[in-house]
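# Observations on chain architecture
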Amino acid sequence: MKAWHDRTIGGKLIIGISGDFDRVAMEAKLRAAFEGLPTAKPEPPRNDAFPGPTPGLSFINKKT
């Protein structure tokens, strides 16, 4: 199922199922429901960067 998910959905959809069910029957239902989805296309690389915090010491004048 993981290989099918990676090939078809490519991390763009997460399906969670819980409860008492037959694993084989549930997999067949999921494949029937999602098999028609187009193959996932890879995301373009991101070019954004977020610098880390700059160390420093700040003082604030506070009237007491």
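Residues numbered from 1 in each chain as written. Predicted model: local features only at pLDDT ≥ 70, side-chain atom pairs only at ≥ 80, totals over all residues. Heavy atoms only, no water.

This brings us to the overall build of the chain. Each helix and strand counted, the chain has two helices and zero strands in total. Taking all 64 residues of the chain together, the buried fraction comes to 8%. Per element, the accessible surface of the chain, about 6300 Å² overall, is 59% carbon and sulfur. (Helix = DSSP H or I, 4+ residues; strand = E, 2+ residues; numbered from the N terminus. Buried < 20%, exposed > 50% of the residue type's maximum accessible area, 1.4 Å probe, protein only. Areas by Shrake-Rupley, 256 points an atom, 1.4 Å probe, with all protein chains shown as cover.)

Before going further, it helps to examine the pattern of salt bridges. Pairs may arise between side chains of opposite charge once their charged atoms sit close together. Counted by the stated rule, this structure contains two salt bridges. The partner of Glu-27 in a salt bridge is Arg-23, and the shortest N-O contact between them spans 3.6 Å. With Glu-27 and Arg-23 both in helix α2 (residues 23–34), this residue pair falls four residues apart, about one helical turn. Of the charged contacts, one joins Glu-27 and Arg-31 as a salt bridge, the two residues approaching to 2.9 Å between their closest N and O atoms. Taken together, the residues span about one helical turn, with Glu-27 and Arg-31 both in helix α2 at a distance of four residues. A cluster of three or more residues bridged by salt bridges with shared partners is formed by Arg-23, Glu-27 and Arg-31. (Salt bridge = Lys/Arg side-chain N within 4 Å of Asp/Glu carboxyl O.)

Bringing a nonpolar patch on the surface into the picture now. Side chains of Leu-13, Ile-15, Ile-17, Phe-21 and Leu-37 sit close together on the surface and give an oily, nonpolar patch of about 360 Å² of accessible area. Tracing the chain through its elements places Ile-15 in the loop between α1 (2–8) and α2. Note on Ile-15: relative accessible area 32%, which makes it partly exposed. (Patch = residues over 30% accessible without salt bridge, like charges linked within 9 Å, V, L, I, M, F, W, Y side chains within 5 Å.)

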